[in-house]
Amino acid sequence: KMLYVQDLRQPGAKRYRLMYSDVDGARAKALVSSSEPILSPTWSADGKRIAYVSFETTRPAIYIMSLATGQKTQMTNFKGLNGAPSFSPDGKQLAMVLSKDGSPDIYVMDIATKRLRRITQDHYIVTEPNWSTDGQAVIFTSNRGGSPQIYQVSLKSGRPERLTFEGDYNARPRVTPDGKSLVMVHRQNGVFHIASQDI
């Protein structure tokens, strides 16, 4: 199955739709329709829930939806940025980017209790969190080295570690299911690629 956001290019009501389809685009159906932007749809590991960002309350908020029932739950409504949700491998936590305390930082939320834990705390840009396969670390994009590069922070130690050094731009990290490789958007000599790196 595949999730994607459709922009109907029609100003006014219900311009944006969160779509659900087969991986080849067949049997598409709208899960959410809104006159406000919808961003960053993502799956839980078991494929039973999705998380996404919606502006339906006039500012960005993160929602979780059950695909079986269509029921959605608003998880955040903080001032500023609420974005880039990512389910932990066990489906119990949600990594996200919030700017409620000033600069954008990565937080991890316990989905059952909505309790937040701040993972990064600095003045650099951090975004696009994702998880290590074992759920013990969050991988993210940051400009703390001068250009966008990919880092990993252990939830136990809280210490960030840089993972990418080749190229002047590496972003949107995703770890392969076996935990051995990192897939990313990579720029080398002014040309963008989709690249894979052995972790």
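Residues numbered from 1 in each chain as written. Predicted model: local features only at pLDDT ≥ 70, side-chain atom pairs only at ≥ 80, totals over all residues. Heavy atoms only, no water.

Novice: How should the overall build of the protein be read in this particular structure?
Specialist: Scanning the protein for helices and strands turns up zero helices and 18 strands. What you see for the protein is a C-alpha radius of gyration of 17 Å, in line with the 16 Å of a compact globule of 199 residues. Along the longest, intermediate and shortest principal axes, the C-alpha atoms of the protein span 45 × 35 × 30 Å. Looking at the protein as a whole, 40% of its 199 residues qualify as buried. The contacts of the protein with a sequence gap of at least 6 include a subset with a gap of at least 24, amounting to 22%. (Helix = DSSP H or I, 4+ residues; strand = E, 2+ residues; numbered from the N terminus. Rg over C-alpha atoms; globule rule 2.2 N^0.38 Å. Buried < 20%, exposed > 50% of the residue type's maximum accessible area, 1.4 Å probe, protein only. Contact = heavy atoms within 4.5 Å.)

Novice: Looking at this model, I keep getting lost on the pairing of strand S14 (residues 149-154). Mind explaining?
Specialist: For a regular strand, the rule is simple: side chains alternate between the two faces of the sheet. Judged from the six bridges that link them, strand S13 (residues 137-142) and S14 form a sheet pairing that is antiparallel. Bridge pairing in S14 places Ile-139 opposite Gln-152. The turn joining S13 and S14, which pair antiparallel and follow one another in sequence, is formed by six residues; a positive phi near 110° is taken by Gly-146. Sheet topology places S14 next to strand S15 (residues 160-162); three bridges connect them, and they run antiparallel. Residue Gln-152 lies in a different strand from S15, and its bridge partner there is Glu-161. Linking S14 back to S15 in an antiparallel pair, the connection comprises five residues, with Gly-158 at a positive phi of about 75°. (Pairing = 2+ DSSP bridges.)

Novice: Sorry, what's going on with the pattern of salt bridges here?
Specialist: A side chain of one charge can pair with a side chain of the opposite charge if their charged atoms are brought near each other. For the structure on display, the rule yields nine salt bridges. Note that Arg-118 is salt-bridged to Asp-101, the shortest N-O span being 3.8 Å. Placement of Arg-118 in strand S11 (residues 116-118) and of Asp-101 in the loop between strand S9 (93-98) and strand S10 (105-110) is noted, with a sequence separation of 17 residues between them. Exposure remark for Asp-101: the relative accessible area of 42% places this residue in the partly exposed category. Between Asp-168 and Arg-187 there is a salt bridge, with its nearest N and O atoms 3.0 Å apart. Here the residue Asp-168 occupies a position in the loop between S15 and strand S16 (169-175), and Arg-187 occupies one in strand S17 (residues 181-188), the gap between them amounting to 19 residues. Taken together, the shared-partner salt bridges connect Lys-100, Asp-101, Asp-105 and Arg-118 into one network. (Salt bridge = Lys/Arg side-chain N within 4 Å of Asp/Glu carboxyl O.)

Novice: Any chance you could explain the layout of surface pockets here in plain terms?
Specialist: Using a probe with the size of a water molecule, rolled over the atoms, empty space left in the structure can be pinpointed. One number sums up the size of the largest pocket: a volume of about 440 Å³. For the largest pocket, the lining is made up of 23 residues, of which Thr-42, Ser-86, Phe-87, Asn-130 and Arg-174 are closest to its centre. If you list the elements that add at least two residues to the lining of the largest pocket, you get strand S4 (38-43), strand S8 (82-87), strand S12 (126-131) and S16. Among the residues making up the lining of the largest pocket, the classes are represented as 11 nonpolar, nine polar and three charged. (1 Å grid on protein atoms, 1.4 Å probe; cavity = no way out; pocket = protein on both sides within 12 Å on 5 of 7 lines; lining within 4 Å. Points joined across faces, edges and corners; volume = space filled by probe spheres on them. Nonpolar A, V, L, I, M, F, W, Y, C, P; charged D, E, K, R; others polar.)

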